[in-house]
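# Architecture at a glance
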Amino acid sequence: MTKTALLLAALLAATAASAQTVKLQTSEGDIRIELNAEKAPKSVANFIQYVKAGHYNGVIFHRVIPNFMVQTGGFDAKLNQRPTKPPIPLESGNGLSNLRGTVAMARTNDPNSATSQFFINVVDNIFLDADVGRIGTGYAVFGQVVEGMDVVDKIRAAETASRGMHQNLPVKPIFITKALVEPVKK
């Protein structure tokens, strides 16, 4: 291996070791997400604020589409929407792609409407990327599941039904019991 390759490998290892992570303790098991503040600083800061405020504790996965994604971050078990802070600007043109295991901000048709809801891609969904054009401005990826994709796959396999305005709602509620910002590893 060349000196340049060794230096690059050491730099990548140091970056990975110091990356901020969030642990989602769910009713199906734990999911660990590594956040990418370099490419999505506003989305990461927003997400961490919600985690630290306890916003995600007790929310359900309210939209589960097996060959697409699992979504959470906005509703309690009675489908009451949790209050949110003002929306953040869209960061979809950041070079990160909506691939299996990536975490992205959910939003309405307004590109700058993301608040607390997020989704985990369970398959490659590159049509959600800003540069593809089908979805216009895309959906901002801000993290990657680094542990617990087996848990995400359990969630995606849940039986779903429609209830009120919610489609693809798990019949048996699946909760985030606690979300924690983990200490930065050095």
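Quick look at the structure, then.

Cut-offs applied
Residues numbered from 1 in each chain as written. Predicted model: local features only at pLDDT ≥ 70, side-chain atom pairs only at ≥ 80, totals over all residues. Heavy atoms only, no water. Helix = DSSP H or I, 4+ residues; strand = E, 2+ residues; numbered from the N terminus. Buried < 20%, exposed > 50% of the residue type's maximum accessible area, 1.4 Å probe, protein only. Contact = heavy atoms within 4.5 Å. Core = buried A, V, L, I, M, F, W, Y, C linked by side-chain atoms within 4.5 Å. Pairing = 2+ DSSP bridges. Lys, Arg positive; Asp, Glu negative; His and termini not counted. Salt bridge = Lys/Arg side-chain N within 4 Å of Asp/Glu carboxyl O. Polar contact = N/O pair within 3.5 Å; in protein donor to acceptor, adjacent residues only side chain to side chain.

## Structural notes on the environment of Leu 99
Relative to the assigned elements, Leu 99 resides in the loop between strand S4 (69–72) and strand S5 (102–105). According to the relative accessible area criterion, Leu 99 is partly exposed, its value standing at 34%. For the pair Leu 99 and Ile 120, spaced 21 residues apart in the sequence, the C-alpha separation amounts to 9.2 Å. For Leu 99, the contacting residues outside a window of four places in its chain are Asn 121, Val 123, Asp 124, Asn 125 and Ile 126.

## Examining the nonpolar core
Ranked by internal contacts, the top residues of the largest apolar core, which has 33 residues, are Ile 31, Phe 47, Tyr 56 and Phe 142. At five residues, the largest contribution of residues to this core is made by helix H2 (residues 41–52). The residues touching Phe 47, leaving out its near neighbours within four places in the chain, are Val 22, Ile 33, Leu 35, Tyr 56, Phe 118 and Phe 142. Membership of the second largest hydrophobic core comes to eight residues, among which are Phe 68, Ala 104, Leu 128 and Tyr 139.

## Some words on the pairing of strand S3 (residues 61–65)
Here S3 runs beside S4; their pairing, made up of four bridges, is antiparallel. The residue of S4 that forms the bridge with Val 64 is Val 70.

## Thoughts on the side chain of Arg 107
Considering the arrangement of structural elements, one finds Arg 107 in the loop between S5 and strand S6 (118–121). Although buried, Arg 107 forms no salt bridge, and the nearest oppositely charged side chain, Asp 110, lies 6.8 Å from it. A distance of 2.8 Å separates the side chain of Arg 107 from the backbone oxygen of Gly 138, its partner in a polar contact.

## A short note on the pairing of strand S7 (residues 141–147)
As judged from the four bridges shared by strand S2 (residues 29–35) and S7, these two strands associate in the antiparallel manner. Across the sheet, Arg 32 pairs through a bridge with Glu 147, a residue of S7. Bridge count for S5 against S7 is three bridges, and the pairing is antiparallel. Considered in S7, the bridge of Val 103 is made with Gly 143.

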